[in-house]
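Read off the chains here:
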Amino acid sequence: MADKYLVFVVALCFGHIHGQMDTSVCTGETPGANDPPGPPSLPDAFEVHVEVNIFNRNYTEDFHVWYNKTMNQVVTHTTNAGNRFEQLYRFDTNEYYYVNRDTGICTVTPINSARRAFLFAMTNAGVSTIRTPNQFLRFNMTGVREKWINQTVVRGIKCNMWRSCYYNAKRNSTMAVDWYFSVPGWMNAKLSDQIPVRAHVFGNAVMKNGQKRKFDHMYEFSYLDLQPQGVHLYDLQTPTGVYCPRAKNTKALPVPSSAFHFTSEIIYGQSISRIKEYFDFDLNLVRYDYDPIGSEKKFGSLPLTQVHDFSTGVAYVIDQLRGNCTATPISGTGFDVRKNANDPSHVRIRTSKEFFYFDKASYMYEGRRVVRGINSDVWISQRNDWPVPGSSNSTWEWYFATPNYTEMLLQKPSFGIPVRMVLDAGLGQHYIYNIYDYDERRPSIWSYDISNCFNYTERKDFSFKLPGNFRKLVSGDMEIFRYGVLKAIIAAGSVNKLQLSSLRIYNIKIDFADNNDIIVQFTLLDKAPQIGDVSNPKQENSLPVVAKAISGAINSGQLIVSLQLPSATANMVAKKYSLTPGRIVKDAYYKQTKQGSTTTTGVSGGVMAGMGVALLVVFFIVGVAATYFYYRKQGGAFGPKSFAPEDITSSDA
């Protein structure tokens with residue numbers, strides 16, 4: 001009721017002169033010849049707090065106003081009778097947002113239908129335009145006469161006082177308005193002078209029954225900020241986490257790429273967890289590294305890696321420290337999983353839009369905010385299918401670094417850089433996802449290493465030779481060369497109309513023979529140990545069938561490694577009958593250093609093992625020599641000793 005009455009009062013305060021005035025209130029004002037000049041106009045952007053005291057109703061209402069004519073927006077935060085509201089006027093889209101800041105309920109209507117549109121808007125033929133600051137204050141504007149009264153003190157501030165007189169024919173009311181502006185040279189906390197300090201509005205309104213109703217209101221202005229930077233963009237938007245149905249979207253949501261990887265920090269209540277995620281829609285692969293909690297501890301409490309191969313429907317759960325692995329069908333409840341609409345018994349990989357929950361939702365651009373010290377564009381949406389279809393509404397807010405942050409990157413991502421996602425599903429379900437090291441370049445196939453999930457009977461090591469003088473060319477970019485080898489092996493091992501999965505080729509190493517032949521070593525894994533719940537699971541050839549096909553391709557000169565570099569291209573044909581089982585590489589110049597990591601040049605595992613043995617021999621000789629001389633000094637001696645067979649074959653450490 002108080003809010004409705006205030007609207008009526010403010011309308012009285014800022015009506016137009018028309019008709020007959022009540023001369024008992026005021027009779028009109030005529031500026032004097034010697035009156036001092038009025039205060040300067042306010043700039044096109046400012047922020048101010050206004051305390052409204054309604055003397056005839058005994059209550060106070062507080063306003064916080066942000067005005068920006070350049071951005072064509074005005075925002076007011078109102079506190080009245082214990083309730084907090086926001087009114088947002090967006091003149092560029094002709095939208096008025098009314099937000100209950102306590103409940104988060106938001107409604108959007110055209111500006112000309114807003115209850116207080118007359119304060120900031122001028123409407124003509126249904127089109128609303130923003131008022132200038134003088135028009136907003138009804139001071140120093142054309143057609144309004146103010147008379148200087150005197151110089152006085154308000155709240156300890158020396159002020160000039162002006163008076164004007166208004167009549168509102170529609171409401172049959174007359175009012176006097178006394179304006180108080182600080183005198184020239186009196187600086188406020190923001191180093192501004194001649195600014196509004198107080199407006200006193202009083203008068204009479206004639207009611208329908210002919211009786212007069214007096215009104216008396218005082219508007220106190222404080223913390224007026226007239227700094228040149230004006231009002232920031234993030235002041236002119238709805239509160240964080242508030243979704244406004246039917247609002248117009250003014251900026252398109254970024255479109256994610258089909259492959260990416262990043263690290264995410266998840267904050268829920270007082271807990272913090274981290275997860276590293278790899279996604280490749282084209283290859284049907286997802287990997288994530290995490291510390292298990294809750295039901296995930298069934299696989300152990302140590303850090304885990306899961307690789308989901310949606311081609312076969314198999315999830316490989318790998319203990320990062322112990323190396324043991326569990327193969328199981330991909331769960332239908334995973335964050336990377338979608339069930340087929342027409343076949344709910346089977347799962348599929350999410351699309352990139354589904355991965356970020358951009359599907360089945362209409363996102364609206366909110367504006368810009370600063371998170372983690374990064375200026376970010378913000379989009380918000382609401383949906384009712386999380387965590388399961390038919391759930392109550394949940395709000396999703398996505399933050400993307402503004403484009404200037406990507407200008408320094410060597411490869412500018414088309415998706416942009418996601419910085420944060422905030423999910424609020426009510427009932428205490430509030431999650432913050434901070435996203436780090438986002439990279440939309442396709443994750444290396446070596447990132448999806450599942451070799452630990454196959455024992456020695458389910459894998460075979462092979463090597464073959466590539467003759468020719470290609471050493472310098474290959475050394476120029478060994479990573480591209482490894483991918484060339486991978487493609488060649490896939491082509492050679494695909495037989496019986498079944499393509500060899502790239503997941504089954506692991507541990508590609510490179511060495512150079514004395515005659516400049518390139519020696520390639522790789523490990524071939526067996527087919528998936530089981531089939532998961534996916535539609536049309538990919539059928540695979542067994543390990544012996546694939547090995548035979550690769551051998552046949554090499555022997556017939558059909559295994560060709562194509563290398564395409566900016567500087568040159570080459571087609572390297574594997575040497576016939578060079579496929580050899582087992583490990584023959586002594587010095588591998590290029591190898592995978594650890595499961596899931598990037599690749600690097602360096603000393604091979606065989607060389608390191610050799611160095612270790614050499615050091616052990618050295619220490620053994622030194623140790624034996626020292627012990628020998630010690631015993632000789634003490635009068636002892638070393639003699640032969642026989643060992644029983646069980647001593648030699650014992651496995652005890």
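Because the structure is a prediction, the values reported are computed rather than measured.

The next thing to look at is the overall build of the protein chain. Helix and strand content of the protein chain: 9 helices and 34 strands. The buried share of the protein chain, reckoned over its 653 residues, is 48%. Taking contacts inside the protein chain between residues at least 6 apart in sequence as the whole, the part at least 24 apart equals 56%. As displayed, the protein chain offers around 33300 Å² of accessible surface, 53% of which is attributable to carbon and sulfur atoms.

The strand order across the open sheet built from 11 strands is E6-E5-E4-E3-E2-E1-E13-E12-E11-E10-E9, with neighbouring strands paired in antiparallel fashion. Each edge of the open sheet carries a strand with a single partner, namely strand E6 (106-110) and strand E9 (147-154). Sheet twist, expressed as the mean angle between neighbouring strand axes with direction ignored, is 20°.

So, about the sheet that holds strand E23 (residues 374-383). Across a sheet, paired strands are connected by hydrogen bonds in the backbone, their directions being either parallel or antiparallel. The strand order across the open sheet formed by 11 strands is E19-E18-E17-E16-E15-E14-E26-E25-E24-E23-E22, and the pairing between neighbours is antiparallel. What marks the edges here is a single partner per strand, and that holds for strand E19 (325-329) and strand E22 (364-371). Each strand of the sheet is rotated relative to its neighbour by a mean of 20°, with strand direction disregarded. Pairing of E23 with strand E24 (residues 394-401), which is carried by 8 bridges, proceeds in the antiparallel orientation. Each residue of the ladder has a partner; that of Gln382, found in E24, is Thr395.

Okay, the side chain of His261 next. On the secondary structure map, His261 appears in strand E14 (residues 259-268). Using a relative accessible area of 17% as the deciding quantity, one classes His261 as buried. The contact partners of His261, leaving out residues within four places of it in the chain, are Glu277, Tyr278, Asp437, Tyr438, Asp439, Arg441 and Pro443.

This part is about the state of the cysteines. Using the criterion set out here, one finds 3 disulfides in the structure. The disulfide partner of Cys26 is Cys165, and the gap between their sulfur atoms is 1.7 Å. Here the S-S torsion is close to 70°, and the disulfide linking Cys26 with Cys165 is therefore right-handed. One end of the pair, Cys26, is in the loop between helix H1 (2-13) and strand E1 (45-54); the other, Cys165, is in strand E10 (residues 157-168), with 139 residues separating them in the sequence. For Cys26, a relative accessible area of 6% corresponds to the buried category. Two residues, Cys106 and Cys244, share a disulfide whose sulfurs are 2.0 Å apart.

Before going further, it helps to spend a moment on the pairing of strand E7 (residues 121-124). Remark: a regular strand shows side chains that alternate across the two faces of the sheet. Here E7 pairs with strand E8 (residues 127-130) via 4 bridges, running antiparallel. Pairing of Asn124 across the sheet is with Val127, part of E8. What sits between E7 and E8 in their antiparallel hairpin is a turn of 2 residues, with Ala125 showing a positive phi close to 55°.

What follows deals with helix H7 (residues 543-555). For H7, with 13 residues, the first-to-last C-alpha span of 18 Å sits near the 18 Å given by 1.5 Å per residue. Along H7, the positions that sit buried rather than exposed are Leu543, Val546, Ala547, Ala549, Ile550, Ala553 and Ile554. Angular distribution of buried residues about the axis of H7 spans 160°; they occupy a single face of the element. Looking at H7, the residues exposed on the side facing more than 90 degrees away from the buried face are Pro544 and Lys548. Contacts from the buried residues of H7 go to strand E27 (459-466), helix H6 (478-493) and strand E29 (518-525). Positioned one or two residues after H7, Gly557 has a phi angle of 75°, which is positive.

It is worth spelling out the packing of aromatic side chains at this point. One pass over the full model with this rule turns up 48 aromatic pairs. Each ring, one from Phe279 and one from Phe355, has its centre 5.0 Å from the other, and the planes form 50°; the classification is tilted. In this pair, Phe279 is assigned in strand E15 (residues 271-280) and Phe355 in helix H4 (residues 352-355), connecting sequence segments 76 residues apart. We note that Phe279, like Phe355, is buried. Pairing Phe400 with Phe415 gives two aromatic rings, centres 5.1 Å apart and planes at 85°, and the pair type is edge-to-face. Of this pair, Phe400 sits in strand E24 while Phe415 sits in the loop between E24 and strand E25 (418-424); the two residues are 15 residues apart in sequence, bridging distant segments of the chain. One Lys or Arg, Arg482, reaches over the ring of Trp446 and ends 4.2 Å from the middle of that ring.

Let us look at the nonpolar core. Phe464, Phe481, Phe522, Leu524, Ile550 and Leu559 are the most contacted members of the largest nonpolar core, which totals 51 residues. The element best represented in this core is H6, accounting for 8 residues. What Leu524 contacts, discounting residues up to four positions off in sequence, is Glu458, Arg459, Lys460, Phe462, Leu500, Arg504, Ile505, Leu543, Val546, Ala547 and Ile550. In this structure, Phe46, Ile54, Phe181 and Phe221 belong to the second largest nonpolar core, which totals 42 residues.

Turning our attention to the environment of Phe221. Here Phe221 lies in strand E13 (residues 212-225). Of the residues examined, Phe221 reaches a relative accessible area of 9% and is grouped as buried. For Phe221 and His49, which are 172 residues apart along the polypeptide, the C-alpha to C-alpha distance reads 5.8 Å. Residue contacts for Phe221: discarding those within four places in its chain leaves Val48, His49, Val50, Leu137, Arg155, Trp179, Pro196, Val197, Arg198 and Ala199.

This next bit is on the confidence of the model for the protein chain. Per-residue confidence for the protein chain gives a mean pLDDT of 83, with 85% of residues at or over 70. Considering only residues more than four positions removed or in separate chains, one finds that residues 1-19, a stretch of pLDDT under 50, has 59 contacts. Below a pLDDT of 50 lies the segment residues 590-653, which in the model reaches 52 contacts outside its immediate sequence neighbourhood of four places, other chains included.

In this section: the environment of Thr326. Take Thr326: it is sitting in strand E19. Judged by relative accessible area, Thr326 falls into the partly exposed class, the value being 36%. Spatially, the C-alpha atom of Thr326 lies 9.5 Å from that of Gln306, the residues being 20 residues apart in sequence. Among all residues touching Thr326, those that are not within four sequence positions of it are Phe299, Ala315, Tyr316 and Val317.

Parameters and conventions
Residues numbered from 1 in each chain as written. Predicted model: local features only at pLDDT ≥ 70, side-chain atom pairs only at ≥ 80, totals over all residues. Heavy atoms only, no water. Helix = DSSP H or I, 4+ residues; strand = E, 2+ residues; numbered from the N terminus. Buried < 20%, exposed > 50% of the residue type's maximum accessible area, 1.4 Å probe, protein only. Contact = heavy atoms within 4.5 Å. Areas by Shrake-Rupley, 256 points an atom, 1.4 Å probe, with all protein chains shown as cover. Pairing = 2+ DSSP bridges. Axes fitted to C-alpha atoms, helices over the stretch in contact; angles between N-to-C directions. Disulfide = S-S within 2.5 Å. Expected span 1.5 Å × (residues − 1). Arc of directions from axis to C-beta. Phe/Tyr/Trp six-rings, centres within 6.5 Å; stacked < 30°, edge-to-face > 60°. Lys NZ or Arg CZ within 6 Å of the ring centre and 35° of its normal. Core = buried A, V, L, I, M, F, W, Y, C linked by side-chain atoms within 4.5 Å. pLDDT = per-residue confidence, 0-100.

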